[in-house]
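Architecture and fold: a report
Here are the chains, one letter per residue:
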Amino acid sequence: MKAVLRWLGLVVFAALALQLFFVLRIAAMVVVNPESTSFQRSEAWVQVAATGHVRWRQQWMPYAEISDHLKRAVIASEDDGFANHDGVDWAAIEKAWERNAKAEAQAAKAQTRAPDRPQRAPKIRGGSTITQQLAKNLLLSGERTLLRKGQEFVLTLLLEQLLSKERILEIYLNSVEWGEGVFGAEAAAQHYFRKSASRLAPGEAARLAVMLPAPKRFEKTPGSAYLAGRTRTILARMNSAELP
């Protein structure tokens, strides 16, 4: 029994130590720009394993030097309530849950009607905010478990408590993936439009924002009809996007 309690105590201590580590890391980001994220390092290892070298383009841009068009486009596309929520958009999560349940029910019906026909897996939608995406990419692994999701929620609340909305958006825009080895707004603007992120036009900003859910796929299919159509939709919504 004592051995069990000792191990339990060690597990609790390790968990608390990990949370303290996260608190200190995030607190340091008030003034220190993160050199890399957990997601970026993971992508670097994948590149090394596949090709033997790393392709990594990234250049930090201060918040004030990133085009407001891009800020508005990303908010309109990824998280239209960013300026006002506490890190978690419960309404968006509820809607995503309902859409996913409906998609799964339709897939089950189709399988019942044609059991011998291969069925496409239902498209699962998320309700993650910009802060949640940053928490996941910045400090966590890509595994999909309840434990990791719980840690994501804790980190999301920490980011919202310790950093300003502007700082959260600044770190997100400077670290998010925009293609194979392309990270951050400045690298993306240079890669796709041969200009600085400070000089992006509204249409260019909207196009970059639309790429975010699947940047590598859209990098390979720049003429995608979906990409063009979705860009027009985000362009029309940008003026109503509220900046922090």
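Up top is the structure.
Notes on the structure in this doc start here. All values reported here derive from a predicted model rather than from experimental measurement. Here the residue numbers are simple positions, counted from 1 along each chain's written sequence. For a predicted model such as this one, the threshold for reporting local features is a pLDDT of at least 70, and the threshold for listing and counting side-chain atom pairs is 80 or more; totals across whole chains, interfaces and linings nevertheless cover every residue. In computing side-chain properties, one takes all heavy atoms of the structure into account and sets aside hydrogens as well as water.

1. Looking at the packing of helix α3 (residues 68-78) against helix α7 (residues 165-175)
In this analysis an axis means a line fitted to C-alpha atoms, helices contributing only their contacting stretch, and an angle means the value between N-to-C directions, from 0 to 180 degrees. In this description a helix means any DSSP run of H or I spanning at least four residues, a strand means any run of E spanning at least two, and both kinds are numbered starting from the N terminus. Interhelical geometry of α3 versus α7 gives an angle of 90° and a closest axis separation of 12 Å. Taken together, the axes of α3 and α7 lie roughly perpendicular to each other. On α7, the residues touching Lys71, Val74, Ile75 and Glu78 of α3 are Leu169, Tyr172 and Leu173. For the contact of α3 with α7, the class distribution of residues is 5 nonpolar, no polar and 2 charged. Our angle categories are set so that under 35 degrees counts as roughly parallel, over 145 as roughly antiparallel, 65 to 115 as roughly perpendicular, and the remainder as oblique. What makes two residues a contact is simply this: any of their non-hydrogen atoms within 4.5 Å. Each residue is assigned to one of three groups, with Ala, Val, Leu, Ile, Met, Phe, Trp, Tyr, Cys and Pro labelled nonpolar, Asp, Glu, Lys and Arg labelled charged, and all others, Gly among them, labelled polar.

2. Topic: the pattern of salt bridges
We define a salt bridge as a side-chain nitrogen of Lys or Arg found within 4 Å of a carboxyl oxygen belonging to Asp or Glu. One pass over the structure, following the stated rule, counts 7 salt bridges. Linking Lys216 and Glu177 is a salt bridge whose minimum nitrogen-to-oxygen distance equals 3.5 Å. Note that Lys216 is positioned in helix α10 (residues 215-220) and Glu177 in strand β1 (residues 177-179), a separation of 39 residues in sequence. Ionic pairing is found between Glu204 and Lys195, a salt bridge with its closest N-O pair at 3.0 Å. Only protein chains enter the accessibility calculation, which uses a 1.4 Å probe. A residue is then buried if its area is under 20% of the maximum for its type, exposed if over 50%, and partly exposed in between. With relative accessibility at 16%, the residue Lys195 sits in the buried group. One continuous salt-bridge network, built from bridges that share partners, spans Glu43, Glu177 and Lys216.

3. A few points about the nonpolar core
With 49 residues, the main nonpolar core has Leu70, Val74, Leu155, Tyr172 and Trp178 as its most contacted residues. When residues of this core are traced back to their parent elements, those giving at least two are α1 (2-28), α3, α5 (130-139), α6 (146-162), α7, α8 (185-193), α9 (202-211) and α11 (225-237). Residues belong to one nonpolar core when they are buried, are Ala, Val, Leu, Ile, Met, Phe, Trp, Tyr or Cys, and are joined through side-chain atoms within 4.5 Å.

4. Here's the deal with the packing of aromatic side chains
Within a pair of aromatic rings, the relevant descriptors are the distance that separates the centres and the angle that separates the planes. Note on aromatic pairs: the rings of Phe, Tyr and Trp (six-membered ring only in Trp) are paired at centre separations within 6.5 Å, and the planes decide the class, stacked below 30 degrees, edge-to-face beyond 60, tilted for the rest. Per the stated rule, a full pass over the model turns up 3 aromatic pairs. Note on Trp56 and Phe183: the rings are 5.5 Å apart at their centroids and 55° apart in plane angle, and the pair reads as tilted. Taken as a pair, Trp56 in the loop between α2 (38-51) and α3 and Phe183 in strand β2 (residues 182-183) lie far apart in primary sequence, 127 residues in all. Residue class for Trp56 comes out partly exposed when judged on its relative accessible area of 33%.

5. As for the packing of α3 against α11
How two helices sit against one another is set out by the angle between their axes and by the gap between those axes. One way to put it is that α3 packs onto α11 with a least axis distance of 9 Å and a crossing angle of 110°. Here α3 is positioned roughly perpendicular relative to α11, judged by the angle of their axes. When you trace α3 past α11, the crossing you get is right-handed. For the pair formed by α3 and α11, the contact residues are Ala73, Ala76 and Ser77 on the first element and Arg230, Ile234 and Arg237 on the second. Along the lines of polarity and charge, the residues of the contact of α3 with α11 split into 3 nonpolar, 1 polar and 2 charged. A crossing counts as left-handed when the near helix is turned anticlockwise from the far one by less than a right angle, and as right-handed when that turn is clockwise.

6. With respect to α8
Looking only at α8, the buried set comprises Ala185, Glu186, Ala187, Ala188, Ala189 and His191. Against α3, α7, β1, β2, α9 and α10 lie the buried residues of α8.

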